Amino acid sequence: MKSAGNSWASWRKLWVDRYWDAGSVGNWEEVGLGVDGPRGACRRRYCSRGSQCAVLEETGKTECVCQAKCRPAFVPVCGSDGRFYENHCEVYRTSCLQKRRIYVVHSKDCFFKGDTCTMADYNKLKSMLLDIQPRDLNSVHQTGGNRMDQKRAMVDSMFKYLDVDKDGRLQSEELAKISMKDHLEDCLLECTMQDLIRYDDYNNDGHLSLQEFYTAFQVIQLSLPEEKRVSVSTVTVGLSTVLSCAIQGTLRPPIIWRRNGIVLNFLDLEDINDFGDDGSLYITKVTTIHMGNYSCHAYGYEELHQTHVLQVNVPPVILVYPETQAQEPGVAASLHCYADGIPNPNILWLKNGMDLQPKGSKQLSLRANGSELHIGSVRYEDTGAYTCIAKNQVGVDEDISSLFVEDSARKTLANILWREEGLSVGNLFYIFSDAGITILQPSECEIRRNIKPTERILASYEEICPKVEGDAPRRCVWASAVSVRDKYIYAAQPLQNRLLIIDTQAQKVAQVVRTDPMPVKLHYDKSHDQIWVLSWGDLQKSHPSLQVVSQASVGEEHHVIRTQFRRVNDFFIPPTNLIITHIRFGFIFLKSEPAVHKIDLETFHRIKTISLKNYSCVPASMAYTHLSGFYFVECLGENRTSTMPQVLIDSVTDSVIGHNGDIAGKPHVSLDGRYMVTPDSQRRKVSVQTVTIQGELQLSRDLETALNVSDLIFQPSFTESNQYAVVATSKTHGDLLFSDLSTGRSEVLKNLKEPILSKSWPWSEANRVVVSSGLFGQYLVTPSADSLFVLNGKQNSPHCEVSDIKRGNTVVWVGEV
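Residues numbered from 1 in each chain as written. Predicted model: local features only at pLDDT ≥ 70, side-chain atom pairs only at ≥ 80, totals over all residues. Heavy atoms only, no water.

Per an unreviewed UniProt entry, the protein chain goes by the name Follistatin-related protein 4 and belongs to Synaphobranchus kaupii. Its UniProt record gives the protein chain a comment under Subcellular location (unreviewed entry), which states: "Secreted". (UniProt positions renumbered as here; feature names shortened; annotations may be inferred.)

A. Region of interest: the layout of surface pockets. Approximately 1,000 Å³ is the volume found for the second largest pocket. In this structure, the second largest pocket is lined by 32 residues; those nearest its centre are Asp-271, Thr-287, Ile-289, Arg-584 and Phe-585. Looking at the lining of the second largest pocket residue by residue, the class counts come to 14 nonpolar, 10 polar and eight charged. (1 Å grid on protein atoms, 1.4 Å probe; cavity = no way out; pocket = protein on both sides within 12 Å on 5 of 7 lines; lining within 4 Å. Points joined across faces, edges and corners; volume = space filled by probe spheres on them. Nonpolar A, V, L, I, M, F, W, Y, C, P; charged D, E, K, R; others polar.)

B. Up close: the side chain of Ser-95. Relative to the helices and strands, Ser-95 is located in helix H3 (residues 88-98). Take Ser-95: its relative accessible area is 13%, and that puts it in the buried class. Excluding residues within four positions of it along the chain, Ser-95 makes contact with Arg-100, Arg-101 and Ile-102. (Helix = DSSP H or I, 4+ residues; strand = E, 2+ residues; numbered from the N terminus. Buried < 20%, exposed > 50% of the residue type's maximum accessible area, 1.4 Å probe, protein only. Contact = heavy atoms within 4.5 Å.)

C. Looking closely at empty space enclosed by the protein. All chains considered together, the criterion is met by six cavities of 30 Å³ or more. In this structure, the largest cavity spans a volume of roughly 290 Å³. Forming the boundary of the largest cavity are 19 residues, of which Tyr-338, Ser-371, Pro-716, Ser-717 and Leu-775 lie nearest the centre. Sort the elements by how many residues they give to the lining of the largest cavity and strand E16 (residues 333-342) lands first, with four residues. Each residue belonging to the lining of the largest cavity can be placed in one class, and the counts come to 10 nonpolar, seven polar and two charged.

D. How the structure looks around H3. Among the 11 residues that make up H3, eight are buried, leaving the element largely enclosed by the rest of the structure. Where H3 is concerned, the buried positions are His-88, Cys-89, Val-91, Tyr-92, Arg-93, Thr-94, Ser-95 and Cys-96. Taking the backbone nitrogen of Cys-89 as reference, a side-chain oxygen 3.2 Å away marks Asn-87 as the first, capping residue of H3. Just downstream of H3, Lys-99 is the residue with a positive phi angle, here 55°. (Polar contact = N/O pair within 3.5 Å; in protein donor to acceptor, adjacent residues only side chain to side chain.)

E. Layout of the nonpolar core. In terms of nonpolar packing, the biggest core is built from 75 residues, with Trp-257, Leu-281 and Trp-532 touching the most fellow members. If we ignore the near neighbours within four places in the chain, the residues touching Leu-281 are Thr-241, Val-242, Leu-243, Trp-257, Leu-264, Ile-272, Asp-274, Phe-275 and Tyr-294. Counting 25 residues, the second-largest nonpolar core is a separate cluster that includes Val-155, Met-158, Leu-175 and Leu-196. (Core = buried A, V, L, I, M, F, W, Y, C linked by side-chain atoms within 4.5 Å.)

F. Summary view of the sheet that holds strand E4 (residues 84-85). Across the sheet, three strands lie side by side as E4-E3-E5; this open sheet has antiparallel pairing. The sheet is open, and its two edges are formed by E4 and strand E5 (104-105), each paired on a single side. When strand E3 (residues 77-79) meets E4, the two strands line up antiparallel, connected through two bridges. The residue bridging Val-77 from the neighbouring strand is Tyr-85, located in E4. (Pairing = 2+ DSSP bridges.)

G. Highlighting the pairing of strand E14 (residues 301-321). Pairing of strand E7 (residues 230-236) with E14 involves seven bridges; the strand directions are parallel. Looking at the pairing, Val-230 lines up with Thr-307 of E14. Where strand E13 (residues 292-298) lies against E14, seven bridges are found, and the strand directions are antiparallel. Each residue of the ladder has a partner; that of Ser-295, found in E14, is Thr-307. Between E13 and the antiparallel strand that follows it, E14, lie two residues; Gly-300 among them carries a positive phi value of about 90°. Direction of pairing for E14 relative to E16: antiparallel, over a ladder of six bridges. Its bridge partner being in E16, Val-317 is matched across the sheet by Asp-340.

This is the structure we're talking about:
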């Protein structure tokens with residue numbers, strides 16, 4: 001706190017010397033000094049200060065009476081009663097009128113009350129001054145502009161009101177005059193008007209300038225150039241970046257940063273951990289989840305904000321298919337190259353290191369923006385190494401697909417690897433049905449092998465499907481199956497309380513893994529080479545549990561690890577892709593609880609709980625896009641019967657953003673994270689959303705359909721790179737929907753026979769699955785109640801029907817080895 005200093009004493013002495021009021025020591029002219037007559041009777045009578053001698057007309061006697069008024073003079077003084085007076089005369093006149101001793105205090109106590117005016121009291125004083133300003137000043141509340149502009153206008157008007165002499169400075173005497181005029185001295189608590197100078201006279205010159213007055217009342221003048229209101233930044237994945245806030249101003253408050261409406265400054269984030277002295281936002285090791293909009297504003301001034309659009313570029317990553325193939329002369333051959341990156345990469349091909357020139361060639365053609373190199377009729381000279389090169393602004397990637405053109409009689413190494421080994425164990429569908437396991441080669445609709453229920457398991461010599469008492473004839477019951485790096489398949493047998501491990505090389509069941517009762521859902525976590533197993537305990541799901549099989553792709557004796565989680569209703573682990581090759585966290589949902597629990601996939605520990613209670617959302621399923629890091633949560637009401645709009649969670653902050661518009665239903669996300677598709681059975685529509693390269697989630701279109709969707713998958717487009725079609729089955733009818741997401745063009749296949757009844761398939765809501773033949777495959781498989789349909793995805797048509805496969809609703813694709 002600042003001392004009043006000598007300037008106050010000098011100023012006060014000057015005014016006392018000039019305007020000393022005689023009435024303060026006795027008004028000698030009024031008592032008639034040196035004057036004869038009746039008033040001369042007062043010559044010998046002394047009256048105390050503040051009073052004067054008067055002669056009573058009735059008796060002629062003298063009497064001391066209080067002064068009626070004082071001579072106008074502004075020489076401010078403090079009274080011993082703690083009040084502020086315009087001059088000495090007023091002090092003693094008041095003492096006379098109140099018949100109590102009041103004297104002048106020379107310690108300036110009523111000007112500057114020392115420590116009695118605390119900062120809290122001072123803030124109350126300023127709030128009161130804003131509240132009690134003259135009525136005409138309140139009109140600023142009706143002016144246009146934002147809250148900051150309104151407050152500045154109010155403080156401007158107050159400054160003009162207090163600046164009595166209009167010199168642009170507020171001095172002590174001016175503040176004192178206003179205090180006396182408006183009778184403020186009795187309602188300023190422990191502070192006075194002069195405390196404005198005491199606290200906010202930063203240059204200690206004895207008065208307040210308008211800028212100091214702005215500071216006192218926290219009127220910050222901020223600016224943001226119009227051209228900087230939106231700033232676009234681009235950074236390559238894996239690097240660090242700094243977002244600087246362009247809002248400027250004297251005494252600018254701290255900068256607050258938000259993402260999706262969530263304040264970032266006070267979160268303990270792993271990758272956003274330093275805001276710097278200048279209020280900049282630092283993001284270390286940028287990934288695709290960081291793309292999107294960030295906003296900054298000065299604390300308390302949200303109206304003025306800057307938006308930063310963060311684009312994240314990703315170098316191309318490619319996958320070629322097949323790596324090696326052998327063909328006979330005269331047949332067609334195709335080489336495929338799938339490339340992912342941001343922006344979308346351009347693809348070109350080399351043969352033996354030389355540029356290919358397909359234009360004008362009858363032999364060569366490029367399809368789907370170059371992602372497929374097609375050779376119409378191969379010749380011996382087409383043998384070679386074909387290099388696919390993908391480029392975008394930030395990088396390049398390449399891989400080789402080899403083609404051998406040989407007579408069928410000449411068994412080269414390529415023939416042996418591709419023709420005999422490759423086709424015998426890879427590019428096959430495994431169908432799990434009542435009759436065991438059917439291994440199907442789709443292009444020829446050829447059943448390669450039937451594994452019957454009575455066959456024995458290699459390691460234990462148990463039967464594949466033991467006969468259950470009362471079950472005649474013998475049949476297999478399957479709930480779920482997953483492929484593990486195309487080497488093994490894990491299949492859940494809920495009534496046997498076990499998993500079977502099928503060796504795809506030997507095409508035999510190799511091992512049994514015992515689980516908690518009734519395993520129903522499997523998921524392969526490629527990042528940690530783990531199988532996650534959800535068991536219900538019984539059909540009523542009364543004792544659900546979550547278990548893990550570690551080192552799932554290793555050929556050794558396996559067993560389950562029981563996690564700590566109980567009452568688990570479901571779980572979700574995001575998938576990997578070419579860009580996102582490692583997943584750290586998953587989520588579990590507990591029975592009837594409006595929350596999702598984040599877990600560490602390596603340690604199996606719970607990390608945090610994200611409450612959905614404010615949205616009355618009991619999670620039923622989740623989906624995830626690594627672009628902007630959105631989690632989509634399918635919501636049920638607390639009674640688990642009514643559907644509600646999806647809820648969005650931001651994976652950067654693990655915070656709930658809000659509802660995903662009015663979209664309700666189970667979310668599905670494409671492999672590259674660009675498309676989000678949600679079938680809404682109640683409204684009979686399918687909502688399609690996209691994520692832009694700026695990280696914005698947008699509604700693309702609604703597909704009208706009469707289907708009550710059972711299952712939905714994405715199939716890469718055969719005509720355009722980085723595009724997809726969705727394929728959806730019906731719960732109740734033999735219909736199947738094909739819809740091109742880039743054009744919205746839809747087609748419905750009918751008469752694929754009736755699906756399995758929902759009551760006959762208690763293991764999931766998908767009573768009719770649809771499974772594709774991988775990233776490069778054109779065939780799909782979907783079961784009916786008593787048979788299996790193979791579909792040609794290129795032509796959107798049935799390819800063949802395989803009969804006598806009952807309840808074949810568990811299907812796994814095994815790609816090339």
